[in-house]
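In case you want the letters, here they are:
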Amino acid sequence: MRRRSAAPAAGDARLPDIPPGHPAPRAAGARPTPRRTAGPLPSPRRPARAIAVGRGRPAPWILMYHSVAVEKEDPYLLTVSPERFAAQMAWLHRRGRRGVSIRELMRAHAAGTADKLVGLTFDDGYADFARHAVPILQAYGFTATAYVVADLLGRDNDWDAEGPRKQLLTVDQVTELAAAGWEIGSHGLGHQALPGLPADVLASQTRESRRALEEVVGGPVTGFCYPYGAVDLPATIAVREAGYDYAVAIAHSPLTGRFALPRCYVGDRDGAWRLRVKRGRHRLREAFTALRRAAARGRRSAR
């Protein structure tokens, strides 16, 4: 196992959206990084348009977590210690903000009441979400969304070749979390990157994972999280056609919208100062995204 990648120093403004050393997406089997986009590419004359988040409002601030635990080795920087996580939630609380699931956030955003809300997401469905994160969130009256891999419940994160083996939530744990009001979202069937997949495989990854999880939670599963944060136009279309209400990605992009919501990576070195900077950067990127969209609308109307 390789040594943990060096993280930016506390005063370094180069704050990552994607965890430093984050593993490259892999497909089934050897799963190399896809090079080709499935389906037809959008025409240069008619570029793909993202589906608006809600009434033209900018995308809300969403924090992206993975594991809350103590690890000696963390090469992909996906783990936040319980102590650091508690401090981050305390910072949000002191700032008058409340952490919520994306299901709750989207409803409030549509109603124009999300100003003080922050989306909290946990990718991969690690068992330590129930053990460490939930008690801290409950102490502040926060909610959150856990995105689980439908075919791997009760197993471990074998897609992270160099990272520590981490136990994933079991079927019973997912059922109990959903019954207690925590949002459970889909992270696909086997943690497979979606870009480049044929249309039938995209449909299976999105529809079948939703169907399987709805049987587990006994209710609707309306949120999707792209494995590795990898997203392209066919993937967003597949997610929408599978019946999801929204999907989360990572970076801002031309697809940013209801089915590619950007998120802010949070790591173990993120204290109050770094969180403030990341909040400001999110707002700046949203402003640039709005300008690009306005320019694109102007070009279309001029044709």
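Analysis parameters
Residue positions are given per chain, counted from 1 along the sequence in the order it is written. A pLDDT threshold of at least 70 governs which residues receive local features in this predicted model, and a stricter bar of 80 or more applies before side-chain atom pairs are shown or counted, although totals over entire chains, interfaces and linings include all residues. Hydrogens and water molecules were not included; the side-chain quantities draw on all heavy atoms of the structure. Under this scheme, a helix contributes an axis fitted over its contacting stretch, all axes are lines through C-alpha atoms, and angles between N-to-C directions fall in the 0 to 180 degree range. Only runs of H or I of at least four residues qualify as helices and only runs of E of at least two qualify as strands under DSSP, and these elements are numbered from the N terminus. Under this scheme an angle from 65 to 115 degrees is roughly perpendicular, one under 35 degrees roughly parallel, and one over 145 degrees roughly antiparallel; angles in between are oblique. Note on convention: near helix rotated counterclockwise from far helix by under a right angle means a left-handed crossing. Clockwise means right-handed. Any pair of residues with heavy atoms lying within 4.5 Å of one another is described as a contacting pair. Counted as a polar contact is a pair of N or O atoms within 3.5 Å, where, for protein atoms, one must be capable of donating a hydrogen and the other of accepting one, and residues adjacent in sequence contribute only when both atoms are in side chains. Residue burial is assigned from relative accessible area. The probe radius is 1.4 Å, only protein chains are included, and a residue is buried under 20% of its type maximum, exposed over 50%, and partly exposed in between. Any two strands with at least two DSSP bridges between them are considered paired. Lys, Arg, Asp and Glu make up the charged group, whereas Ala, Val, Leu, Ile, Met, Phe, Trp, Tyr, Cys and Pro make up the nonpolar group; the residues left over, Gly among them, are polar. Here the arc refers to the set of directions running from the helix axis out to each C-beta atom. The definition of a nonpolar core used throughout is a set of buried Ala, Val, Leu, Ile, Met, Phe, Trp, Tyr and Cys residues joined through side-chain atoms within 4.5 Å.

Caption draft 1: Structural view of the packing of helix α1 (residues 82–94) against helix α3 (residues 128–139). Interhelical geometry of α1 versus α3 gives an angle of 25° and a closest axis separation of 10 Å. As summarised for this structure, α1 and α3 are arranged roughly parallel, according to the angle between their axes. Viewed along their axes, α1 and α3 form a crossing whose handedness is right-handed. Counted together, Pro 82, Phe 85, Ala 86 and Met 89 of α1 and His 132, Ala 133, Ile 136 and Leu 137 of α3 form the full contact between these two elements.

Caption draft 2: Quick peek at the side chain of His 191. Following the sequence through the fold, His 191 ends up in the loop between β7 (183–186) and α5 (199–217). A polar contact is formed between the side chain of His 191 and the side chain of His 187, at a distance of 3.4 Å. Here the side chain of His 191 touches Tyr 228 through a polar contact of 3.5 Å, side chain to side chain.

Caption draft 3: Geometry of the environment of Ala 260. Within the secondary structure, Ala 260 is located in the loop between β9 (246–248) and β10 (264–265). The class for Ala 260 is buried, based on a relative accessible area of 1%. In this structure, the C-alpha to C-alpha distance between Ala 260 and Tyr 226, residues 34 residues apart in sequence, is 8.6 Å. Each residue touching Ala 260, except ones within four places of it in the same chain, is listed here: Tyr 226, Ala 247, Ala 249 and Leu 255.

Caption draft 4: Structural view of the pairing of strand β5 (residues 117–122). Most of β5 sits inside the fold, with 6 of its 6 residues counted as buried. Here strand β1 (residues 62–65) pairs with β5 via 4 bridges, running parallel. Along β5, the bridge assignment pairs Met 64 with Thr 121. With 3 bridges joining them, strand β4 (residues 98–100) and β5 adopt parallel strand pairing. Each bridged residue has a counterpart across the sheet, and for Gly 99 the counterpart in β5 is Val 118.

Caption draft 5: Representation of the packing of α5 against helix α6 (residues 233–241). As a packed pair, α5 and α6 sit with axes 9 Å apart at the nearest point and diverge in direction by 45°. In terms of their interaxial angle, α5 and α6 are classed as oblique. Crossing geometry of α5 relative to α6 is assigned as right-handed. Within the contact between the two elements, α5 uses Leu 202, Thr 206 and Arg 207 and α6 uses Pro 234, Ala 235, Ala 238, Val 239 and Glu 241. By residue class, the composition of the contact of α5 with α6 is 5 nonpolar, 1 polar and 2 charged.

Caption draft 6: View of helix α2 (residues 102–111). Those residues of α2 lying buried are Ile 102, Leu 105, Met 106, Ala 108 and His 109. One side of α2 holds all its buried residues, which, seen down the axis, span an arc of 165°. Within α2, the exposed residues directed more than 90 degrees away from the buried face are Arg 107 and Ala 111. Packed against the buried residues of α2 are β1, β4, β5, β6 (145–148), β7 and β9. The positive-phi residue at the C-terminal boundary of α2 is Gly 112, with phi of around 75°.

Caption draft 7: Region of the structure containing the nonpolar core. Membership of the largest hydrophobic core comes to 52 residues, with the highest contact counts inside it found for Phe 85, Leu 120, Phe 122, Phe 129 and Leu 137. Those elements that provide at least two residues to this core are β1, α1, β5, α3, β6, α4 (171–179), α5 and α6. With near-sequence residues (within four places) excluded, Phe 129 lies in contact with Phe 122, Val 134, Leu 137, Ala 144, Ala 146, Leu 177 and Trp 182. One finds Val 100, Ile 102, Tyr 147 and Tyr 246 within the second-largest nonpolar core, a separate group that totals 14 residues.

Caption draft 8: Highlighting the environment of Arg 210. You can see Arg 210 is positioned in helix α5. Assessed through its relative accessible area of 17%, Arg 210 is described here as buried. C-alpha of Arg 210 to C-alpha of Gly 223: the two residues are 13 residues apart in sequence and 8.9 Å apart in space. Sequence-distant contacts of Arg 210, that is, excluding residues within four places in its chain, are made with Val 221, Ala 242, Gly 243 and Tyr 244. Engagement of the side chain of Arg 210 in a polar contact is seen with the backbone oxygen of Gly 243, the distance being 3.3 Å.

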